[in-house]
Amino acid sequence: RDPWLELGDATYRGRLRFEPVGEDRLRVVNIVDIEDYVRGVVPNEMFAGLEAYKVQAVISRTYLVYVREMERKHKADGFDICTTGHCQVYRGVDSERPLADEAVEATKGQLLTYQGRPIFSAYHSNAGGVTQPVDEAWPGSIRQNFPYLCQVDSPYDGEAGGTGYGWCYRWEREISGAEVAQRLKARGKDVGAVQELVAARVTATGRVRELEVVGAAGRARLTTPTEVREVLGTP
């Protein structure tokens, strides 16, 4: 077998590079073959199933190449892609599975491209029945730059429960007005006691893009989907 390296409780292929960060910290970078990297991602991002794993392998491989060669969002950090949900969840050898390995091998080298270039192959747990255009999902994006990230029906999202992923399709959260007020205040928006929440802007797919919070001492507008989620504590 390939030589494996252990770091803490985790095991990795390839090589490990240690870099000083500040005076008392180290950054550890795993230098690994693309296909081995994909082996360590696929089981973390997709439910078990050969065809599902094949799809995920192509998507994850494409995403790596896009981030590494086009977006280059971690260039200043000294590595190509991170190991968390900020990019893709990578856990090395410990997350590899035989069925996923089979899928990676069956799709070896395959990428999704548009006009000869790897696409931004963004993916998510569940679309709730319909996807969003890129500028709705990421406000500020230019839709014509990503024509392949468009609104399409996603009719099988409701099947998530049968695969153990029902939590990402239907969920409930409870939050008090005091909690909302506190989170707003931490953002420099003090509205006093919360009286009402108003969906100030709803997207074509029925999602709240902007939310207005009405309080005893004023109003505050949450203008991005991320801000809405963080203030309400939703997925």
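All figures in this text were calculated on a predicted structure; none of them were measured in a lab. (Residues numbered from 1 in each chain as written. Predicted model: local features only at pLDDT ≥ 70, side-chain atom pairs only at ≥ 80, totals over all residues. Heavy atoms only, no water.)

Considering the packing of aromatic side chains
Rules: Only Phe, Tyr and Trp rings take part, Trp by its six-membered ring, and two of them pair if their centres are within 6.5 Å. Stacked means planes under 30 degrees apart, edge-to-face means over 60, and tilted covers everything else. Starting at the N terminus, helices and strands are each numbered in turn, a helix being any DSSP run of H or I of at least four residues and a strand any DSSP run of E of at least two. When accessible area is computed with a 1.4 Å probe and restricted to protein chains, residues below 20% of their type maximum are described as buried, those above 50% as exposed, and intermediate ones as partly exposed.
Across all of its chains, the model carries eight aromatic pairs by this definition. Taking 5.6 Å as the distance between ring centres and 55° as the angle between the ring planes, the aromatic pair formed by Tyr114 and Tyr148 counts as tilted. With Tyr114 in strand β5 (residues 113–114) and Tyr148 in the loop between α5 (134–137) and α6 (177–186), this pair connects stretches of sequence that are 34 residues apart. For Tyr114, a relative accessible area of 36% corresponds to the partly exposed category. By relative accessible area, which is 24% here, Tyr148 ends up partly exposed. Aromatic pair Phe120 and Trp138: ring centres 5.3 Å apart, planes at 50°, arrangement tilted. In this pair, Phe120 is assigned in the loop between β6 (117–118) and α5 and Trp138 in the loop between α5 and α6, connecting sequence segments 18 residues apart. When its relative accessible area of 13% is taken as the criterion, Phe120 is described as buried. Put simply, the rings of Tyr63, Tyr66, Tyr114, Phe120, Trp138, Phe146 and Tyr148 touch in pairs and so form one group of aromatic residues.

Examining helix α7 (residues 225–232)
Filter applied, for reference: Regarding the arc, it is the one traced by the directions from the helix axis to the C-beta atoms. The contact rule is simple, with two residues in contact once any of their heavy atoms fall within 4.5 Å.
By the burial criterion, the buried members of α7 are Pro225, Glu227, Val228, Val231 and Leu232. On an axial view of α7, the arc spanned by its buried residues comes to 165°, and they lie on one face. The inward-facing, buried residues of α7 contact α5, α6, β7 (194–202), β8 (208–215) and β9 (218–222). Immediately beyond the C-terminal end of α7, within one or two residues, lies Gly233, with a positive phi of roughly 70°.

Quick notes on the pairing of β9
The side chains of a regular strand alternate, first on one face of the sheet and then on the other. Let me state the cut-off plainly: Paired strands, in this sense, are two strands between which DSSP finds at least two bridges.
As defined by bridge partners, β8 adjoins β9 across five bridges and the pair is classed as antiparallel. Along β9, the bridge assignment pairs Leu211 with Leu222. Hairpin connection from β8 to β9: two residues lie between these consecutive antiparallel strands.

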